[in-house]
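# Coordinates in review
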Amino acid sequence: MTDIAEPDPTTPAPTTPERIFLPEDAQMPNHPDLPVLFYRGVLAGDAAGDLAEAFEARFSASGWGGTWRNGIYRFHHFHPDAHEALGVARGHARVRLGGESGQDLAIEAGDLVVLPAGTGHKLVDASPDFLVVGAYPPGQEDFETLREAIPRDRLRAVARPTTDPVHGEGGPLVLLWG
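Residues numbered from 1 in each chain as written. Predicted model: local features only at pLDDT ≥ 70, side-chain atom pairs only at ≥ 80, totals over all residues. Heavy atoms only, no water.

For the protein chain, per-residue confidence averages 91 on the pLDDT scale, and 90% of positions sit at 70 or higher. Here residues 1-9 is modelled with pLDDT under 50, and outside its nearest four sequence neighbours on either side it reaches one contact, counting other chains as well. (pLDDT = per-residue confidence, 0-100. Contact = heavy atoms within 4.5 Å.)

Below you can see the structure in the form of structure tokens.
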């Protein structure tokens, strides 16, 4: 008789994230090729525990670093030299993606948003307990934060991650951004 290994409860089941393609905005370049990836409730099963710790552990296991805990700036900004993972650890919020002419996204505890380099984003409103854990692919932890448009071709030079921030090698991000 062969023993069947129990699934690791700390590893979320792979889910297919929603893809959000954003056109160039007057001030936000937005990535010309890569979509924003929105994973609804990717760590919702960990709700009884500390979601901030759970996101940090998943990011670290997937090789994503430069983690931080905070909110999201209330002004439009983007990172021209890094992709960014934002795991919602507590509360809920509305974030505008893509610049002033972009679209609003409602996010809540357990959700993950992965922004390709150049994606404009800002906090529109949030619950008082709103907390985000951020992380970046290897080699992209030291990044710029800009508020004015740059040529979009510069964004194509940013290395694509080789792992998904929560699912690791072979996760949805690798397949969708490959």
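Turning our eyes to something else, we now look at empty space enclosed by the protein. Scanning the model with the defined rule gives one cavity of 30 Å³ or more in all. Around the largest cavity sit Ile72, Leu86, Val88, Val95, Leu97, Leu105, Ile107, Val113, Leu115 and His121, which together line it. Within the residue set of the lining of the largest cavity, elements represented by two or more residues are β4 (84-90), β5 (92-97), β6 (103-108) and β7 (112-115). Among the residues making up the lining of the largest cavity, the classes are represented as nine nonpolar, one polar and no charged. (1 Å grid on protein atoms, 1.4 Å probe; cavity = no way out; pocket = protein on both sides within 12 Å on 5 of 7 lines; lining within 4 Å. Points joined across faces, edges and corners; volume = space filled by probe spheres on them. Helix = DSSP H or I, 4+ residues; strand = E, 2+ residues; numbered from the N terminus. Nonpolar A, V, L, I, M, F, W, Y, C, P; charged D, E, K, R; others polar.)

Core analysis: the biggest nonpolar cluster contains 21 residues, and Phe55, Phe59, Leu112 and Val114 have the highest contact counts within it. Elements with a minimum of two residues in this core: β2 (36-39), α1 (51-61), β4, β7, β9 (131-136) and α3 (172-177). In contact with Val114, not counting residues within four places along its chain, are Pro35, Val36, Leu37, Tyr39, Trp64, Glu84, Ala85, Pro165, Leu173 and Trp177. (Core = buried A, V, L, I, M, F, W, Y, C linked by side-chain atoms within 4.5 Å. Buried < 20%, exposed > 50% of the residue type's maximum accessible area, 1.4 Å probe, protein only.)

Let us now look at the environment of Pro128. Among the secondary structure elements, Pro128 is positioned in the loop between β8 (121-126) and β9. Here Pro128 falls in the exposed class, since its relative accessible area comes to 89%. It is 9.5 Å that separates the C-alpha atoms of Pro128 and Arg90, two residues lying 38 residues apart in sequence.

For the rest of this paragraph, the subject is the environment of Glu84. Relative to the helices and strands, Glu84 resides in strand β4. With relative accessibility at 3%, the residue Glu84 sits in the buried group. With 57 residues separating them in the primary sequence, Glu84 and Glu141 have C-alpha atoms 9.3 Å apart. Filtering out sequence-adjacent residues up to four positions away, Glu84 remains in contact with Trp64, Trp68, His79, Val113, Val114, Leu115, His121, Ala135 and Tyr136. Side-chain polar atoms of Glu84 contact the side chain of His121, separated by 3.2 Å. Separated by 2.6 Å, the side chains of Glu84 and Tyr136 make a polar contact. (Polar contact = N/O pair within 3.5 Å; in protein donor to acceptor, adjacent residues only side chain to side chain.)

As a further point, take the layout of surface pockets. Empty space within the largest pocket amounts to approximately 190 Å³. Counting residues per element, the ones that place at least two in the lining of the largest pocket are β3 (65-70) and β4.

Looking now at the sheet that holds β7. As summarised here, the arrangement of the six strands in space is β1-β2-β7-β4-β9-β3, forming an open sheet in which the pairing is antiparallel. Among the strands making up the open sheet, the edge pair consists of β1 (18-20) and β3. Pairs of neighbouring strands in the sheet enclose a mean axial angle of 20°, with direction left out of account. Here four bridges tie β4 to β7, and the two strands are oriented antiparallel to one another. Within the sheet, the bridge partner assigned to Glu84 lies in β7 and is Leu115. (Pairing = 2+ DSSP bridges. Axes fitted to C-alpha atoms, helices over the stretch in contact; angles between N-to-C directions.)

Below, the discussion takes up the packing of aromatic side chains. Applying the stated rule across the entire model yields three aromatic pairs. Ring centres of Phe55 and Phe59 lie 5.7 Å apart, and the angle between their planes is 35°; this geometry places the pair in the tilted category. Of this pair, Phe55 and Phe59 both sit in helix α1, four residues apart, which is roughly one turn of the helix. Residue Phe55 is classed as buried on the basis of its relative accessible area, which comes to 0%. Given the relative accessible area of 0%, Phe59 is considered buried. Taken together, a centroid distance of 4.4 Å and an interplanar angle of 35° make the contact between Tyr136 and Phe143 tilted. The class of Tyr136 is buried, set by a relative accessible area of 1%. You can call Phe143 partly exposed: its relative accessible area is 25%. (Phe/Tyr/Trp six-rings, centres within 6.5 Å; stacked < 30°, edge-to-face > 60°.)

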